[in-house]
Amino acid sequence: MELTGVGVWSSQLRYSDASEAADAAAELDELGFTALWIPDVGGPVFDSVGNLLGATKRTVIATGILNLWMHSAEDVAAQYQALTDEHGDRFLLGIGVSHAPLIDSREPGRYRKPLAATASYLDALDATERPVPVGDRVLAALGPKMLQLSATRARGAHPYLVTTEHTASARTTLGAGPLLLPEQTAILTDDADEARRIGTDWLRSYLALPNYANNLLRSGFTEEDLQQVSQRVFDAIIAWGDEDAILRRVAEHHAAGADHVCVQVLTADPQEFPREQWRRLAAALPQ
């Protein structure tokens, strides 16, 4: 399984109508995107993975990420093996520890020691009858310790909501071998006001989560940047403009050490499949 080039990160492929998701995935496969990434906050995530694998021929299908608090290691290993037996080696299992506000809202106090919880989950995966191969899993990782765990217990890291400077730092931490697969949010508009209307509340919801906020504070942003969703933090996290502007940011990630970049396109309607925007980006990709 090779992870290079540019992929698509999409909540619509996970949570919208399954037949429309399959149709969109088939087109994304034909357009040349190398991986399709879907989120997970519980529920039948493997049904979505199977739906997308069945609709595509070449594209890797990846979880970005599978929430380790919401799925037993035994079930994950069994589902992984069933899907790879049926569809071949195109399923990349992205695993993550999620966020305290989400996990504790359902069971107060459950979210603790995220690094130890991740290592313990990997131990449980490795102890199953047919373990998920290390080469077919990556970890959601932002800080140095989780990145180091990604380098030793997985094939690499899938950082989300990060800057190109974080990509460079993460590559240094990971070293030369492990995969580095960051997400890049994008808005295809040349209108700064429109970009802010589309992206500000979306970004604010993530900045309220401690893992992302702390990572950005470590990266040199201030509490005021985060509280106000300053233009500085907006521009650092969200690439906006025309196709060339978006792909310049993708190229900056690659230059900083990313092996693959998955682009998440935002539009005014978060329920809508941004198919026209995906087509525009695909047409602008280097051949």
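Above this note sits the structure.
Residues numbered from 1 in each chain as written. Predicted model: local features only at pLDDT ≥ 70, side-chain atom pairs only at ≥ 80, totals over all residues. Heavy atoms only, no water.

Asker: What is the right way to look at the packing of aromatic side chains in this model?
Answerer: Note on aromatic pairs: each is described by the distance of the centres and the angle between the planes. All chains considered together, the criterion is met by seven aromatic pairs. Relative to Tyr160, the ring of Trp9 has its centre 5.1 Å away and its plane inclined at 50°; by these criteria the two rings are tilted. Placement of the pair is Trp9 in strand 1 (residues 6-9) and Tyr160 in the loop between strand 7 (156-157) and helix 8 (164-174), with a sequence separation of 151 residues. We classify Trp9 as buried; its relative accessible area is 5%. (Phe/Tyr/Trp six-rings, centres within 6.5 Å; stacked < 30°, edge-to-face > 60°. Helix = DSSP H or I, 4+ residues; strand = E, 2+ residues; numbered from the N terminus. Buried < 20%, exposed > 50% of the residue type's maximum accessible area, 1.4 Å probe, protein only.)

Asker: So what exactly am I meant to see when it comes to helix 4 (residues 73-87) here?
Answerer: At 3.6 residues per turn, the α-helix brings residues three or four places apart onto the same side. An ideal rise of 1.5 Å per residue puts 21 Å on 15 residues; helix 4 measures up with 21 Å between its terminal C-alpha atoms. Against the buried residues of helix 4 lie helix 3 (45-55), strand 4 (66-67), strand 5 (91-96) and helix 6 (114-126). Gly88, located one to two residues past helix 4, shows a positive phi value of around 85°. (Expected span 1.5 Å × (residues − 1). Contact = heavy atoms within 4.5 Å.)

Asker: Can you help me understand unusual backbone geometry in this one?
Answerer: Note: most peptide bonds trans; most residues except glycine with negative phi. A cis amide bond links Gly64 to the next residue, Ile65, at an omega of 15°. For Leu161, which is not a glycine, the phi torsion comes out positive at approximately 60°. Within the element layout of this structure, Leu161 appears in the loop between strand 7 and helix 8. Leu161 gets classed as buried once you look at its relative accessible area, which sits at 1%.

Asker: Would you take a moment to explain the side chain of Asp225 for this structure?
Answerer: Along the chain, the position of Asp225 falls in helix 11 (residues 223-228). Ignoring any residue separated from it by four or fewer positions in sequence, one finds Asp225 in contact with Ser230, Arg232 and Val233.

Asker: I tried to follow the nonpolar core on my own but got confused; where do I start?
Answerer: For soluble globular proteins, nonpolar side chains are generally found buried alongside one another. Ranked by internal contacts, the top residues of the largest apolar core, which has 60 residues, are Leu13, Phe33 and Leu125. Ranked by size, the runner-up nonpolar core spans 35 residues in total, among them Trp9, Tyr160, Val233 and Cys262. (Core = buried A, V, L, I, M, F, W, Y, C linked by side-chain atoms within 4.5 Å.)

Asker: Any chance you could explain the layout of surface pockets here in plain terms?
Answerer: By volume, the largest pocket amounts to about 1100 Å³. Around the largest pocket, the lining is made up of 49 residues, and of these His99, Tyr160, Tyr206, Leu209 and Tyr212 lie nearest the centre. Among the secondary structure elements, those contributing two or more residues to the lining of the largest pocket are helix 1 (12-15), helix 6, helix 7 (144-153), helix 9 (192-207), helix 10 (210-218) and strand 11 (261-265). The element best represented in the lining of the largest pocket is helix 10, accounting for five residues. Looking at side-chain class alone, the lining of the largest pocket contains 29 nonpolar, 15 polar and five charged residues. Computed from the structure, the second largest pocket encloses a volume of approximately 230 Å³. Per-element accounting of the lining of the second largest pocket gives the leading share, four residues, to helix 13 (residues 243-256). Its residues assigned to classes, the lining of the second largest pocket comprises eight nonpolar, five polar and no charged. (1 Å grid on protein atoms, 1.4 Å probe; cavity = no way out; pocket = protein on both sides within 12 Å on 5 of 7 lines; lining within 4 Å. Points joined across faces, edges and corners; volume = space filled by probe spheres on them. Nonpolar A, V, L, I, M, F, W, Y, C, P; charged D, E, K, R; others polar.)

Asker: I'm lost on the packing of helix 4 against helix 6 in this one. Help?
Answerer: Each pair of packed helices can be summarised by the angle the axes make with each other and by the distance between the axes. Interaxial distance between helix 4 and helix 6 falls to 8 Å at its minimum, and their mutual angle equals 55°. Considering their axes alone, helix 4 and helix 6 lie oblique with respect to each other. The handedness of the crossing between helix 4 and helix 6 is right-handed. Listed contacts from helix 6 to Ala73, Val76 and Ala77 of helix 4 are Tyr121, Ala124 and Leu125. (Axes fitted to C-alpha atoms, helices over the stretch in contact; angles between N-to-C directions. Parallel < 35°, antiparallel > 145°, perpendicular 65-115°, else oblique. Left-handed = near helix turned anticlockwise from the far one by under 90°.)

Asker: Before we go on, may I ask you to explain the pattern of salt bridges in this structure?
Answerer: Inspection of every chain in the model, using the stated rule, returns 16 salt bridges. Here Arg58 and Glu30 are joined by a salt bridge, their closest N and O atoms 3.7 Å apart. Residue Arg58 is located in the loop between helix 3 and strand 3 (60-63), and its partner Glu30 is located in helix 2 (residues 18-31); the two are separated by 28 residues in the primary sequence. Here Arg171 and Asp259 are joined by a salt bridge, their closest N and O atoms 2.7 Å apart. Of the two residues, Arg171 is situated in helix 8 and Asp259 in the loop between helix 13 and strand 11; the sequence distance between them amounts to 88 residues. (Salt bridge = Lys/Arg side-chain N within 4 Å of Asp/Glu carboxyl O.)

Asker: Any chance you could explain the packing of helix 7 against helix 8 here in plain terms?
Answerer: In contact at an axis separation of 9 Å, helix 7 and helix 8 are set at 55° when each is read in the N-to-C sense. Taken together, the axes of helix 7 and helix 8 are oblique relative to one another. The two elements helix 7 and helix 8 meet at a crossing, and its hand is right-handed. Residue-level inspection shows Pro144, Leu147, Gln148, Ser150 and Ala151 of helix 7 in contact with helix 8, the latter providing Ala170, Thr173 and Leu174. Considered class by class, the residues forming the contact of helix 7 with helix 8 number five nonpolar, three polar and no charged.

Asker: What is the right way to read a negative patch on the surface from this model?
Answerer: Residues Asp190, Asp191, Asp193, Glu194, Asp242 and Asp244 make up a contiguous surface patch of negative charge. Tracing the backbone through its elements, the reader meets Asp191 in the loop between strand 9 (183-188) and helix 9. Asp191 gets classed as partly exposed once you look at its relative accessible area, which sits at 36%. (Patch = residues over 30% accessible without salt bridge, like charges linked within 9 Å, V, L, I, M, F, W, Y side chains within 5 Å. Areas by Shrake-Rupley, 256 points an atom, 1.4 Å probe, with all protein chains shown as cover. Lys, Arg positive; Asp, Glu negative; His and termini not counted. Charge placed at Lys NZ, Arg CZ, Asp CG, Glu CD.)

The values reported here are purely geometric and, on their own, carry no functional implication.
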